[in-house]
Amino acid sequence: MDYAKIMKFLTSKGEEQEKALDELNPEEVEFVLDRCRAALARRQAAKNGGACND
């Protein structure tokens, strides 16, 4: 897994982000999506005053 490519995707915007996304392999895309899903679950749990068991 190339974390530099992941960081390039996460820190870029617009067309550059699209190009960076194209450079990621499916494993790297899934890694990013997993982290996003976990962050969303934590935010929703905090908003609802509940605990998140991630």
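Treat the numbers as computed from the prediction; the structure is a model and nothing was measured.

Peer 1: What is the right way to look at the side chain of Ser12 in this model?
Peer 2: As for its position among the elements, Ser12 is in the loop between helix 1 (3–11) and helix 2 (14–23). Within the structure, Ser12 has its side chain in polar contact with the backbone oxygen of Lys8 (distance 2.9 Å). A distance of 3.4 Å separates the side chain of Ser12 from the backbone nitrogen of Gln17, its partner in a polar contact. When near neighbours in sequence (up to four residues on either side) are disregarded, Ser12 contacts Gln17 and Ala20.

Peer 1: Just checking my understanding: could you explain the nonpolar core for this structure?
Peer 2: Most often, soluble globular proteins keep nonpolar side chains buried together rather than apart. Membership of the largest hydrophobic core is limited to five residues, which are Ile6, Phe9, Ala20, Leu24 and Val32. Beyond its immediate chain neighbours, meaning those up to four positions away, Ala20 contacts Lys8, Phe9 and Ser12.

Peer 1: How should the side chain of Glu28 be read in this particular structure?
Peer 2: Note that Glu28 resides in helix 3 (residues 26–47). Judged by its relative accessible area of 2%, Glu28 falls in the buried class.

Peer 1: Which parts of the structure should I look at to understand the packing of helix 1 against helix 2?
Peer 2: Helix-helix packing is characterised by the crossing angle of the two axes and by the distance between the axes. Close contact between helix 1 and helix 2 brings their axes to 8 Å; oriented N to C, the two are set at 155°. Between helix 1 and helix 2, the angle falls in the class roughly antiparallel. Crossing geometry of helix 1 relative to helix 2 is assigned as left-handed. Every residue of helix 2 that contacts helix 1 at Lys5, Lys8 and Phe9 is listed here: Gln17, Ala20, Leu21 and Glu23. Grouping the amino acids of the contact of helix 1 with helix 2 by side-chain chemistry returns three nonpolar, one polar and three charged.

Thresholds, definitions, all that
Residues numbered from 1 in each chain as written. Predicted model: local features only at pLDDT ≥ 70, side-chain atom pairs only at ≥ 80, totals over all residues. Heavy atoms only, no water. Helix = DSSP H or I, 4+ residues; strand = E, 2+ residues; numbered from the N terminus. Polar contact = N/O pair within 3.5 Å; in protein donor to acceptor, adjacent residues only side chain to side chain. Contact = heavy atoms within 4.5 Å. Core = buried A, V, L, I, M, F, W, Y, C linked by side-chain atoms within 4.5 Å. Buried < 20%, exposed > 50% of the residue type's maximum accessible area, 1.4 Å probe, protein only. Axes fitted to C-alpha atoms, helices over the stretch in contact; angles between N-to-C directions. Parallel < 35°, antiparallel > 145°, perpendicular 65-115°, else oblique. Left-handed = near helix turned anticlockwise from the far one by under 90°. Nonpolar A, V, L, I, M, F, W, Y, C, P; charged D, E, K, R; others polar.

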